[in-house]
Amino acid sequence: MTRSRSSGADLSLELLCLRAIRYSREWNYPETDGVAMRTRISALFSEESFIRGERCEVAGWVRSLRASRNIIFMLLNDGSDLPGVQVVIEDHVSGFEELKKLGTGSAVKVTGHLVESPGSGQKWDFAAEKVEVAGRSDESYPLQKKRHSFEYLRSIAHLRPRSNTFGAVFRLRSNMAHAVHSFFRERNFLLVHTPVITSNDCEGGGELFRVATMNPEKTGAVGQADFSDDFFGCRTGLTVSGQLEGELFSLAFTDIYTFGPAFRAENSNTPRHAAEFWMVEPEMAFADLYDNTVLAEDFVKYLCRHALENSAEEMAFFDQQIERGVIERIRKVAEADFVRMEYSEAIEHLRKAPVSFNFPVEWGLDLQTEHERYITEQVTRRPVFILNYPCDIKAFYMRRNDDCKTVAAMDLLVPKIGEIIGGSQREERHDILSSAMDAHGVGKEQLWWYLESRKFGSAPHAGFGLGFERLLMYLSGMENIRDVIPFPRTPGNAGF
RNA sequence: UCCCCAGUAGCUCAGUCGGUAGAGCAGGUGGCUGUUAACCACCUUGUCCGUGGUUCGAGUCCGCGCUGGGGAGCCA
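Residues numbered from 1 in each chain as written. Chains lettered and ligands numbered in written order. Predicted model: local features only at pLDDT ≥ 70, side-chain atom pairs only at ≥ 80, totals over all residues. Heavy atoms only, no water.

A few words now on the overall build of chain A. Scanning chain A from N- to C-terminus turns up 16 helices and 16 strands. Roughly 24,900 Å² of accessible area belongs to chain A as shown, and the carbon and sulfur atoms make up 50% of that amount. (Helix = DSSP H or I, 4+ residues; strand = E, 2+ residues; numbered from the N terminus. Areas by Shrake-Rupley, 256 points an atom, 1.4 Å probe, with all protein chains shown as cover.)

Below, the structure written as structure tokens:
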């Protein structure tokens, strides 16, 4: 729907496209009476021809409607921006009396033009010449102009994207997904789509959802089922991570990343966990743990800057409605130098802490949420990498350090959220990886290919995983992961 | 999965000491020449989450269950 023409484009192709658009426009909108095409509301205020008052057509859903005898004010939103546009309908417009009764949520197309608004709430009005009702909204439309609780909005997930908050959240989500790709593309990382269905259920990342075509009512309990007769001929499930396959690609394309869904069948009931979520997982060959922290720091800062610059309207909304000061908080992260701290040093800080913790602090034990938040909120007061954890509390694939007590793991902790990134340098030495798999009880029969990658040109490599939804929570101030996922899956919830 | 809290009209919530159900908003009707969560008048709306118990009587007290929220664990 762009109205500007790129100069270098293939002209004949462009003409074909324009003709196709024209045909489709005539098909879809036979009564538009010479108006070029539908204009997105966000484009209305940024293009000079519309500001001069050129006639055009906007289409969207009614957010609110105020009618008096001779005039109707209709707030129209098409999802392209937060405020939408106020459509002013005067009594000469065809169907005026019927339009007065139009319900909130109705879908309408309006032909008209921008005029400067004499009112005080907005700069521009859209003066209607013609209003077509595409779809009326029933009087039971559940979204009201006043504030709803997020809990209630979750129960109407089919309609909540039409609310201000979720409009902002999902525009931010879309922008940040693009930012993830642009960050890695600028650095010449290869995007790899790792499989969603996997046969290795021992990646260390929690319970798998089973994938099968067999009918459990006929074959009995899954534990007794014979998977050799099933579709894949073996036990399969939904992936918990694309990392292992990502490593294989990094050993061919050097720098790669995956960005896709991951699934965990854990019975987690917290505001930070979902059964289906999206992960960003870069992997770099010929890179060590330090390189990994550099990439992670650049990545997080890039994403913060991107949100502030490219979702400024949404960030201003979050700052006002969701979390006061969120813009300043994100700006500080974008400018901060992240701290790098050894696990052992973190333990020392915790032992010396003038506060008491509910969980014990001792070298060899994992850091609890309360410990992580103390470090990043009280000790460093900025994002901090915790490096080189004891091997016993980390996954089998992490590289054993020379002290034989720690592995080259890293967690990035940020104020308010805690862990936002987890990663490591990978064990590239065949014999050490082999014994680590034995020690962790990881089946080599299933992961033979992973182990074998260490036989043919194995190289030092490192990578990390960033939970995309946790990033969105961090950027927006939204406090429940269910409110940054379009249709969230959590225990007992897959209804939409 | 464990601990704590909550569930009353379509939504947000009030409901006193256990005495028989309320407000605002939404919706409906009418009014209003420029509104801004419009305003004014009138009107409609209840399995008080379910279930069992205590009691002359339960929205209110007790048990169990369901759902939601917060915290913890698991983790991203």
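Of all hydrophobic cores here, the largest spans 63 residues; its most connected members are M176, V180, F184, F299 and I421. Once you skip the residues sitting within four places of it in the chain, I421 turns out to touch A296, V300, M410, D411, L412, F464, G465 and L466. Ranked by size, the runner-up nonpolar core spans 27 residues in total, among them L350, V361, Y389 and Y397. (Core = buried A, V, L, I, M, F, W, Y, C linked by side-chain atoms within 4.5 Å. Buried < 20%, exposed > 50% of the residue type's maximum accessible area, 1.4 Å probe, protein only. Contact = heavy atoms within 4.5 Å.)

Among the structural elements, D337 can be located in the loop between helix 11 (326–335) and strand 12 (339–342). Using a relative accessible area of 53% as the deciding quantity, one classes D337 as exposed. Distance from D337 to F357, taken between C-alpha atoms, is 28 Å for residues 20 residues apart in sequence. Among all residues touching D337, those that are not within four sequence positions of it are E297, K301 and R382.

Here the focus is the sheet that holds strand 7 (residues 197–198). The strand order across the open sheet formed by 3 strands is 7-9-8, and the pairing between neighbours is antiparallel. The sheet terminates laterally at strand 7 and strand 8 (210–211), the two strands that pair on one side only. Examined bridge by bridge, strand 7 and strand 9 (residues 236–238) share 2 bridges and lie antiparallel to one another. For T198, the partnering residue across the bridge sits in strand 9 and is G237. (Pairing = 2+ DSSP bridges.)

With mixed pairing, the 5 strands of this closed barrel are ordered in space as 1-2-3-5-4. Taken over all neighbouring pairs, the strand axes of this sheet differ in orientation by 55 degrees on average, direction set aside. Taken together, the 6 bridges between strand 1 (residues 56–67) and strand 4 (residues 107–116) define a ladder with antiparallel strand orientation. By the bridge assignment for strand 4, W61 is matched with A107. (Axes fitted to C-alpha atoms, helices over the stretch in contact; angles between N-to-C directions.)

Next up on the list: a nonpolar patch on the surface. On the surface, V196, I197, F231 and F232 cluster together to form a nonpolar patch covering roughly 380 Å² of accessible area. Mapping F232 onto the fold places it in the loop between helix 7 (216–219) and strand 9. (Patch = residues over 30% accessible without salt bridge, like charges linked within 9 Å, V, L, I, M, F, W, Y side chains within 5 Å. Salt bridge = Lys/Arg side-chain N within 4 Å of Asp/Glu carboxyl O.)

Phi is positive for T254, which is not a glycine, with a value near 70 degrees. Looking at the element boundaries, T254 is found in the loop between helix 8 (243–253) and strand 10 (255–263). In this structure, F286 is a non-glycine residue whose phi angle is positive, near 55 degrees. Relative accessible area serves as the criterion here: at 65%, F286 is assigned to the exposed category.

Applying the stated criterion to the full structure yields 23 salt bridges. Taking the shortest distance from any N to any O, the salt bridge between E132 and K109 comes out at 3.7 Å. With a gap of 23 residues between them, E132 in strand 5 (residues 124–135) and K109 in strand 4 connect regions that are remote in the sequence. As far as burial versus exposure is concerned, E132 and K109 are alike and both buried.

We now examine the environment of R187. If you trace the backbone, R187 turns up in the loop between helix 6 (164–186) and strand 6 (190–191). It is 9.9 Å that separates the C-alpha atoms of R187 and I256, two residues lying 69 residues apart in sequence.

Two elements in contact, helix 9 (residues 289–310) and helix 11, have axes separated by 8 Å at closest approach and are oriented at 140 degrees. Taken together, the axes of helix 9 and helix 11 lie oblique to each other. Here helix 9 and helix 11 pass one another in a crossing that is left-handed. Here helix 9 contributes V300, K301, C304, R305 and L308 to the contact with helix 11, which in turn contributes I327, I330, R331, V333 and A334. Partitioning the contact of helix 9 with helix 11 into residue classes produces 7 nonpolar, no polar and 3 charged. (Parallel < 35°, antiparallel > 145°, perpendicular 65-115°, else oblique. Left-handed = near helix turned anticlockwise from the far one by under 90°. Nonpolar A, V, L, I, M, F, W, Y, C, P; charged D, E, K, R; others polar.)

Averaged over every residue, the pLDDT of chain A is 88; the share at 70 or more is 90%. The least confident element of chain A, judged by mean pLDDT, is helix 1 (residues 11–28) at 46; the most confident is strand 6 at 98. Contacts of residues 1–11 to residues separated by more than four positions or lying in other chains number 12 contacts, the stretch itself having pLDDT below 50. Counting contacts from residues 18–32, a segment whose pLDDT is below 50, to residues more than four positions away or on other chains yields 13 contacts. For this predicted complex, the interface score ipTM comes out at 0.91, while the overall pTM is 0.90. (pLDDT = per-residue confidence, 0-100.)

Bringing the protein's contact with RNA strand B into the picture now. Around RNA strand B lies a shell of 50 residues, among which R69, R154, T270, H273 and R470 are the nearest. Counting only the atoms of RNA strand B within 4 Å of the protein, the fraction contributed by sugar and phosphate is 49%. Contact distances for RNA strand B include 2.6 Å between a base oxygen and a side-chain N or O atom of S268. In the environment of RNA strand B, a sugar or linking oxygen lies 3.0 Å from a nitrogen or oxygen atom belonging to the backbone of I420. Tallied by class, residues from the surface near RNA strand B come to 12 nonpolar, 23 polar and 15 charged. (Near = heavy atom within 4 Å. Polar contact = N/O pair within 3.5 Å; in protein donor to acceptor, adjacent residues only side chain to side chain.)

Here we come to the side chain of R426. Turning to its location among the elements, R426 is positioned in the loop between strand 15 (418–425) and helix 14 (430–440). Here the side chain of R426 touches S424 through a polar contact of 2.7 Å, side chain to side chain. Ignoring anything within four residues of it in the chain, the contact list for R426 reads Q243, E247, E283, Y397, R399, R454, H461, A462, G463 and F464.

Another point: the packing of helix 6 against helix 9. Relative orientation of the contacting elements helix 6 and helix 9 amounts to 135 degrees, with a least axis distance of 10 Å. The angle between helix 6 and helix 9 places the two elements in the oblique class. Regarding helix 6 and helix 9, the two cross each other, and that crossing is right-handed. Note on element contacts: helix 9 touches helix 6 through L295, D298, F299, Y302, L303, H306, A307 and N310, opposite L172, N175, M176, A179, V180, S182, F183, F184 and E186.

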